[in-house]
Structure formats: structure tokens, C-alpha cells
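Architecture at a glance
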Amino acid sequence: MRACRAATSAVAGVLFVFSSVFLGCTGGGAEELPEPLEGVVLERQGRGLVDGSNITEYAASCRAELGRLTDATFNCRDGTLLHTTNTPDGADCDKPVWLDLGGKYCVDNARLLKLKTSNPNTEARVICRRYKAGLDTSESFQDVAIVVANKTSGATCYFQALSGSGPDLNGKNVPNPMADPASADVAERTAATAAKAFYISPQRLRDNSSLHCSKCHDSDPWMHSPYIDQVAASADGLPTGFKKGKYKLVEEAYLTNGGSGWPKPETVTTARVKDGAGDVRNQECTACHRIGTKNTCSDWLPKSVDKKPIPGRNAANGMWPKSHWMPEVLPATKAEFHTLYDNHIKAIQCCCSTPWKLGCSTLTDLTDLTKKRQGTGAAGFMPGAQKCVDGTTGVVALGVSIAPIVVAARGYGESSCTSPFTAPLCASFSIERTDVEGNITTLTEGPNGDPLMACASHSQSPYPGPHESSLNVEPGDLVTLSTPQRYAYADNHDLLEFVGWQVSESCPCADGGSTTCQFRTRGSRHWFGADAELPEVTYEGDPESFHCQALYQRTGVCLAPDAGVDAGTDAGVDAGYDGGLSDAGWDGGVHDAGSDAGVADAGNDAGVADAGVADAGRDAGVADAGRDAGVADAGVADAGRDAGVADAGVADAGVADAGRDTGVSDAGIAAAGVTRL
């Protein structure tokens, strides 16, 4: 049984360009080849790959999407030499292969070769790798791996041949894996027949987890390392123009096999990151290329920044600056590297391992780059508290207010038109915040140290004391708005009652009518910055700002106190006793009553025509009216007189000099102008 290993993976760029030399396998027995399907040409008709027992049908799909490889055969030794240098074929070297070559990493004399294609947008490269030490003059190789990709559509095909423990592969006349068995060219037909025996079948590639090409080629078709890019300037060097382009596997449905085969290529990035100097920038690790979620995340990324040992690398190349493969242009010192890039590396590694956290965003369909990023930025995404990126880089302003109609709070059942505005009406709020390390704090005070409250701000509103009604919220914050006083006054003393919070995109309460408004933030829609190459790929974050307002509605009008009637006594006296009593001093004509007892709207004094009527509240002369000053028990000796004392005996009372009240037996007479001594 063949034991195979996938090669290294990554994409060239400003911060991370990772290594790989396509796919490779080591060890195991000879490949069991299926019976050839001579001359079979299957029509595609959109039905997908059916027969994966050899490469014939897969090659037809590749030709349909990529064009042809124009040569029937090629010679590995026509490619450019790849040297491990320093100690070739030794245990350690300057430029080890980022692929386990049967426990060795410094086997020299591999070749990288560009293959000619019929489509100007299609690029093809083959690496012929040696797992055994030997001279460059040898035609024998143990691994032949080919990548063919179109930079416009992103369509990519992979082909692999391995010798394993069997005979070495002859690198002199390697058959074209995409040769057409129905071609009019004899050489191509011959190559098509040979290819079926030379290359591993798509079915075997799909079902053997060690041969899943997209585990390593997870960012785009081409992988980079110091080993591969030593020939970057040559004609055989890896092509450009693919780093952030479309990418898809030809016959993806067959190869991925519903999730049990090759992984579908996906890439991850992070929100903007604050570096050690306090500068906020787009994620540096994806500035020039993407980061695939499989082996690029787990292996090639940490190797490129000296976060993971590189097997076979000698001590000299493990020292700064050779220890760091990315970025391509390194800063002057290692300390400066840490200041500039450590936080970026930490964030991207966090998103590699926990892509569901805030600050992480994944492109799950690299065939349509206009689609929104999935994960943090997906439509309908429900944010959690945990995040991979410092939340201060994605803040949104939050403001809380009370409806402007509100002036002051009132008690339940309070409705007087004369109640003073003395009770402030406020709503408190709090922020529960989880930092990158998972520590939770609850904020109840603003930046200035004052309580987080929103209060009525009308010009007549009473001052509630120092408070703060706005602050910046970070991604993942849990905002909780507490219900303010339920009952309130408007400026004209109209009665108001709380009805809920004004729910909108700017105030996304789970239940706006509830006593508590609560929601969790996603982070600013600008949190991920702008990608000049992919401006249409945006983050579906929070609105430009949050603003939550407590809403009130009118439920009634205030009640004005009525002189005399409300008190149940004569002449509008509020105290519940007659104005003529010695300790009251004044009848209904007291200065603050506005008129004498005899004024028509004061509840009618004793001298008014209807004062003696039973349902008038009964004035002074009626036995049960609360008894006016002239009634037997009201006009007692020490009371002296009724409200008709000197200044109360106005014209309509008819009292000459305060002798006595008109509320004597004739108090019910229509014209009370009788003088009695």
C-alpha cells in the first residue's frame, strides 16, 4: 500500500508566500493500474465525471476548460534545476524541500518546467522530483506532478505520478496527461494511451487522503517557498496573476465527493489589526495573496515566519533574517518585525483555528468573488462575544436618548396640572465586553467616569447630575438598555407612558417592546478595510452608528384642581376647613384663591343664588356643607366671624363692617345685600 504525503502550500505576497512543490508521495507499493479504455471519448453534457478509474474522462474535462497542452510528451531535464544548496543530499541544507521526501528534505537535482498550452490564459508547470540522491544526468525521477490553471476562470487541474517502491519514473518521455485519445495526431493518441498507465487515477486521488491536492493548494493553484522561488526569474518560474483571482477545481463535485474527498478551496482573512506601535492596518498576511484554510493555515504560514520549525533547514538559515521567509521585504531588525507583524500573525492564526470568531472572514466560493465573505460578515450572521482581533479597530458610536417630548418623570396615578417638574427621567445602560484573551468586563461608566445614562433633555427637565449617554462599542459587545421610568409628563403636563424602544438597524433590539433592550454588536462595516483588488467583497457589519431612543406616547391630560369643589369645603379652601376659622384667617377670598366666596366659579359662596341648592356642594348655610362660618358650630365665639371679616366683606357679600356672615338663615336669598348688625 502506497504511503503518500501532500506537499507544501501557499501563495506569494507581501507578508506570506508559502512553499510547495505541488503534490508528492513517498513509499508504498507499485500503483495498481486499471484496464485502459482504448479510444473512449465521453461527451460531457454537463453530467460531471463518471469514470474516474483512469484519467481519460478527467482529461477531457480539463481540455474543455483549459485548452490543450500542445506537446505530446516532455522531458523533465529540460526544466530548470532546483538546488537545496550548501549540503546537497545531506541531512540539512540552505533551502530544504517543504515536503517529506521519505524522511529527507535536502535531496538535490529536482527540475521545474513550464509546459506550452493552446490557451494564452492557461499556465502549466511540472515538477520532477527526486527522492533518491543521484546525479543530475540521470533520467530517473520518483515524482512527477503537474498543475494546469487558467488565470481568467480559475479552473485548475492536477495530475500526479509516483514511483513509490516500484521502478523509477522515466523523465525523458513523460506523456501529456491531457492528450486526446481521439486526436488526429498519432503522437497525441499514443501519449493518451501512455498517460492512462503513467498517472494516478482521479478515483485514487480522491479516495486517498494523502493525495488530496487541494489540502496544500488551498489558496490558489501555485505554491511558493525559498526552494521553489530560487528560479522565479527564469522562464520556468511560477506564473503571476493568480494570487487573488478566481480558483476552482475542474470536476470539483467528483473530487470533493460531498465532503469526503478533496477539500473545496477556501481562504480566510481578518479585520484590521493594530500593531505593536499602535498603527491600524489591513491584515498584512493577506495583503498580496490569500491564506488557505487547510495546510497553508496549519503549516506553511507558521513556517514562513519562524513560528514552526522547518525540517532539514541548517542552523545558519535558522537565524534572522534567513529564518523569516515573509514578508518578501523584511524590516531592518527582528525587533521591528515583531512590532509590525506579531499582532497580524496572531490574528490570522486565531482565525485559521477558530474562523467562527468575530474579526474572521472566510471566502467559501472562490469562483465568484462578488459574493460576500462568509462567517463574521455573512448575512444573518449571529455574532458571539469571542473575537480574534482587538475590538478597538472596529468600534461604532452608540448614543442613547429619551423621546424629546418627555420633560420629567411622574409617579403612578399622578396627574395634577400643577405638579412641579422635580423628578428626572433617565434610562441606564451597560456594556458587557469580552477581549481577545476571553476576559469579560462590564462597563457601567463612560470614558469620563460618569454613569452611563440617557435622560430627558427638555429645557424644563430637572438636572439629573453628571452622566454620559454615548460611547464607542466594540465588536462583540453586549449592549443592555434598562427601561426608564414608565410614567412621564410632557411640557404642558400631558400624561405620557413608555411604550418601548425605537427598533431599527441602528437599534437592533431583540424585542423593542420589552422592558429591556439588548443586542450584540458585529463591528464596523469598515472593520475589514478595503481591498483595492476586490472592492466588491465587503463586510456586512454594523451601521455607521447606533442610536437607541426610549419612546413615550400620550395617554391623557392632566387634572386642574377646582376651588372648593375638590376640597369639599367653602370658597376653594384647600385645607378642608372653613376660611372663617381663627387659624385660617381668610375665607374663600384668600389671595391665592383668586376670588371671594361669592364669585360664580368658586363653588358659589353663601350669597350666591344656588348656594343653598342641595347638589351645589352645599354652601355655608346648609347643614352638611362642611358648615359655613355662620352655622352654629362654625361661628363659635372664638372663631369670631366668617370669611366676611374686614377685607372679605366685598360688595356682593353685603356685609357692612364684618358684623356677621351672609350665611345666616337668609343665605339662600338671591340678592344677599341685606345689612345686619
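None of the values given here were measured: they were computed from a predicted structure. (Residues numbered from 1 in each chain as written. Predicted model: local features only at pLDDT ≥ 70, side-chain atom pairs only at ≥ 80, totals over all residues. Heavy atoms only, no water.)

**A few points about the overall build of the protein**
Stated precisely, the cut-off is as follows: Only runs of H or I of at least four residues qualify as helices and only runs of E of at least two qualify as strands under DSSP, and these elements are numbered from the N terminus. Exposed residues in this analysis have more than 50% of their type's maximum accessible area, buried residues have under 20%, and partly exposed residues fall in between, with area computed by a 1.4 Å probe over protein chains only. For this analysis, residues touch if any pair of their heavy atoms sits within 4.5 Å. Computed by Shrake-Rupley with a 1.4 Å probe, the accessible areas treat only the displayed protein chains as cover when residues are assessed.
On a plain count of helices and strands, the protein comes out with seven helices and 29 strands. For the protein, the proportion of its 677 residues judged to be buried stands at 51%. Long-range pairs, those at least 24 residues apart, make up 68% of the contacts in the protein with a sequence separation of at least 6. Accessible area of the protein: about 28500 Å², with a carbon and sulfur share of 51%.

**Points about the nonpolar core**
Note that soluble globular proteins tend to have their nonpolar side chains buried in a common cluster. For clarity, the threshold we go by: For the purposes of this section, nonpolar cores are sets of buried Ala, Val, Leu, Ile, Met, Phe, Trp, Tyr and Cys residues that join through side-chain atoms within 4.5 Å.
By size, the foremost hydrophobic cluster in this structure holds 59 residues, and its most contacted members are Phe74, Val144, Ile146 and Tyr199. Discounting residues that sit within four places of it in the chain, Tyr199 has contacts with Ile55, Phe74, Ile146, Phe159, Gln160, Ala161, Val174, Pro175, Asn176 and Pro177.

**Description of the pattern of salt bridges**
Quick note on the threshold: By definition, a salt bridge exists where a carboxyl oxygen of Asp or Glu is found within 4 Å of a side-chain nitrogen of Lys or Arg.
Tallied over the full model, the rule gives 22 salt bridges. The closest approach of N and O atoms between Arg63 and Asp180, which form a salt bridge, is 3.5 Å. Of the two residues, Arg63 is situated in helix 1 (residues 56-66) and Asp180 in the loop between strand 11 (174-175) and helix 2 (186-198); the sequence distance between them amounts to 117 residues. Connected via shared salt-bridge partners are Arg77, Arg111, Asp136 and Glu139.

**Details of the confidence of the model for the protein**
Where we set the bar: Residue-level confidence of the predictor, termed pLDDT, takes values from 0 up to 100.
The pLDDT averaged across the protein works out to 79; a share of 73% of its residues lies at or above 70. Throughout residues 1-46 the model reports pLDDT below 50, and contacts reaching past four residues in sequence, or to other chains, amount to 206 contacts. When the criterion is pLDDT under 50, residues 563-677 qualifies, and its contacts beyond four places in sequence or with other chains add up to 161 contacts.

**Observations concerning the state of the cysteines**
For the record, the criterion: Any two cysteine sulfur atoms lying within 2.5 Å of each other are counted as a disulfide.
Overall, the coordinates contain ten disulfides when judged by the stated rule. Residue pairing for Cys62: its cysteine sulfur links by disulfide to Cys157, the two sulfurs lying 2.0 Å apart. Between Cys62 and Cys157, the disulfide has an S-S torsion of -105° and is therefore left-handed. One end of the pair, Cys62, is in helix 1; the other, Cys157, is in strand 9 (residues 155-162), with 95 residues separating them in the sequence. Look at Cys157 and you get buried, because its relative accessible area is 0%. Linked covalently through their sulfurs, Cys297 and Cys352 form a disulfide whose S-S length is 1.9 Å. With the S-S bond torsion at -70°, the cross-link from Cys297 to Cys352 turns out left-handed. Pair noted here: Cys297 is in helix 6 (residues 295-304) and Cys352 is in helix 7 (residues 334-353), with a separation of 55 residues, a long-range link.

**Comments concerning the pairing of strand 13 (residues 267-270)**
Heads up, the rule is: Here, a strand pair is defined by DSSP locating no fewer than two bridges between the strands.
Side-chain alternation along strand 13 places Thr267 and Thr269 on one buried face and Val268 and Thr270 on a second face that is also buried. Inspection of the sheet shows strand 13 paired to strand 16 (residues 291-292) by two bridges, in the antiparallel sense. Pairing of Thr267 across the sheet is with Gly292, part of strand 16. Pairing between strand 13 and strand 17 (residues 360-363): four bridges, direction antiparallel. Within the sheet, the bridge partner assigned to Thr270 lies in strand 17 and is Cys360.

**Remarks on the sheet that holds strand 12 (residues 248-249)**
In a beta sheet, neighbouring strands are held together by backbone hydrogen bonds and run either parallel or antiparallel to one another. We count it as follows: With axes taken as lines fitted to C-alpha atoms, and helix axes fitted only over the stretch in contact, angles between N-to-C directions fall between 0 and 180 degrees.
Spatially, 4-5-6-8-9-12 is the arrangement adopted by the six strands of the open sheet, whose pairing is mixed. Because the sheet does not close on itself, it has two edges, and the strands there are strand 4 (80-82) and strand 12. Where strand 8 (residues 143-150) and strand 9 come together, seven bridges link them in antiparallel fashion. Residue pairing for strand 9: Val148 is matched across the bridge by Cys157. Packing of helix 1 onto the sheet brings it into contact with strand 6 (122-129), strand 8, strand 9 and strand 12, and relative to strand 9 it is tilted by some 145°.

**Side note on the packing of aromatic side chains**
Each aromatic ring pair is summarised here by two numbers: the centre-to-centre distance and the angle between the ring planes. Which entries qualify depends on this criterion: Aromatic rings from Phe, Tyr and Trp, with only the six-membered ring used for Trp, were paired whenever their centres fell within 6.5 Å, and each pair was classed as stacked if the ring planes differed by under 30 degrees, edge-to-face if by over 60, and tilted otherwise. Charge-over-ring contacts are defined here by two conditions on Lys NZ or Arg CZ: a distance within 6 Å of the ring centre and an angle within 35 degrees of the ring normal.
All chains considered together, the criterion is met by 13 aromatic pairs. Here Tyr158 and Trp262 contribute two aromatic rings whose centre-to-centre distance is 6.0 Å and whose plane-to-plane angle is 65°, an arrangement assigned as edge-to-face. Remark: Trp262 occurs in the loop between helix 5 (252-256) and strand 13 and Tyr158 occurs in strand 9; sequence separation between them is 104 residues. When its relative accessible area of 2% is taken as the criterion, Trp262 is described as buried. Here the aromatic rings of Phe498 and Tyr552 are separated by 5.6 Å at their centres, their planes lie at 65°, and the arrangement is edge-to-face. A residue pair is termed long-range when its members are at least 10 positions apart, and Phe498 in strand 27 (residues 495-501) and Tyr552 in strand 29 (residues 545-556) qualify at 54 residues. With relative accessibility at 9%, the residue Tyr552 sits in the buried group. Note that Arg206 overlies the ring of Tyr254, its terminal NZ or CZ placed 4.4 Å from the centroid. Lying across the ring of Trp98, Lys303 places its NZ or CZ 5.8 Å from the centre.

**Focus on the pairing of strand 28 (residues 516-520)**
Of the two faces of strand 28, only the one carrying Cys517 and Phe519 is buried; Thr516, Gln518 and Arg520 on the other face are not. Note: strand 25 (residues 478-482) against strand 28, five bridges, orientation antiparallel. Across the sheet, Leu478 pairs through a bridge with Arg520, a residue of strand 28.

**Details of helix 6**
Most of helix 6 is tucked away: eight of the ten residues are buried. Taken together, the buried positions of helix 6 are Thr296, Cys297, Asp299, Trp300, Leu301, Pro302, Lys303 and Ser304. On its buried face, helix 6 sits against helix 4 (213-216), strand 13, strand 16 and helix 7.

**Focus: the sheet that holds strand 24 (residues 470-473)**
Taken together, the six strands give an open sheet; going across it, the order is 20-26-27-29-19-24, and neighbouring strands pair in mixed fashion. Strand pairing shows two members of the sheet lacking a second neighbour, strand 20 (408-409) and strand 24, which therefore form its edges. Strand direction decides the pairing type here: strand 19 (residues 396-402) and strand 24, joined by four bridges, are antiparallel. Following the sheet pairing, Ala397 is matched in strand 24 by Asn472.

**Section: the environment of Leu238**
Structurally, Leu238 can be placed in the loop between helix 4 and strand 12. With a relative accessible area of 11%, Leu238 lands in the buried category. Taking the C-alpha atoms as reference points, Leu238 and Ala124, separated by 114 residues in sequence, lie 9.0 Å from one another.

**What about helix 1?**
Of all eleven residues in helix 1, nine are buried, a share of seventy percent or more. At its buried positions, helix 1 is contacted by strand 6, strand 8, strand 9, helix 2, helix 3 (202-207) and helix 5. Looking one or two residues beyond helix 1, the residue adopting positive phi is Gly67, at roughly 90°.

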